[in-house]
Amino acid sequence: MRAWGGKDKDGNPLNGTRDANLDKGWLLTKPTDLKLRCKYCDKWHDTQEEVEGCNKSRKAFVSLHERKAKEELKEDPVADLRKEVNELKSVMMELMEKIGGKVFQPENNEAPENSKETGGVKKKVER
Ligand SMILES: [Zn+2]
């Protein structure tokens, strides 16, 4: 028990005692009708029907997400990328045709003299 004090609307002091257990929402006597614990959502339901309903809605929720996951797997994750690459390729081909392939095929077809890889080859040709 806990003492409490206060004033009423006219300013007269009020006091008394109260049960702290009631403040916390605890009951003074043991409950006789226990609520049904639901093994599906780990909470309590009033009736067995509610528990079954909880199970049903949970199953529906799970199957919905499983179906969604399967649908996502079916879709090709790189399909969009592939399409974009093909578009880029066609744009590249167009550009190459416009510039006549000059960038990719030098006219003289000779490697620069300071090139490490082809320097030896060029010397052989000169001999
Ligand atoms: Zn439940």
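Refer to the structure presented above.
Now for a quick tour of the structure.

Cut-off values and rules
Residues numbered from 1 in each chain as written. Predicted model: local features only at pLDDT ≥ 70, side-chain atom pairs only at ≥ 80, totals over all residues. Helix = DSSP H or I, 4+ residues; strand = E, 2+ residues; numbered from the N terminus. Buried ≥ 20, exposed ≤ 12 C-beta atoms within 10 Å, placed from the backbone. Contact = placed C-beta atoms within 7 Å. Expected span 1.5 Å × (residues − 1).

**Digging into the overall build of the protein**
Counting its secondary structure elements, the protein contains 4 helices and 4 strands. Order of helices (α) and strands (β) in the protein, N terminus to C terminus: β-β-α-β-β-α-α-α. Considering the protein as a whole, with its 127 residues, one finds that 0% of them fall into the buried category. In the protein, once contacts between residues fewer than 6 apart in sequence are set aside, the share between residues at least 24 apart is 0%.

**Points about unusual backbone geometry**
Although it is not a glycine, Asp-42 sits at a positive phi angle of roughly 60°. Assignment of secondary structure puts Asp-42 in the loop between strand S3 (36-37) and strand S4 (44-45).

**What to know about helix H3 (residues 79-98)**
The first and last C-alpha atoms of H3 sit 29 Å apart over 20 residues, in line with the 28 Å expected at 1.5 Å per residue. Within H3, only 0 of the 20 residues are buried, which leaves it mostly out in the open.

**Digging into helix H2 (residues 48-74)**
The end-to-end C-alpha separation of H2 is 39 Å, in line with the 39 Å expected for 27 residues at 1.5 Å each. Among the 27 residues in H2, 0 count as buried, and that is only a small part of the element.

**A short note on the environment of Cys-54**
Mapping Cys-54 onto the fold places it in helix H2. Once residues lying within four places of it in the same chain are set aside, the contact partners of Cys-54 are Cys-38, Tyr-40, Cys-41 and His-45.

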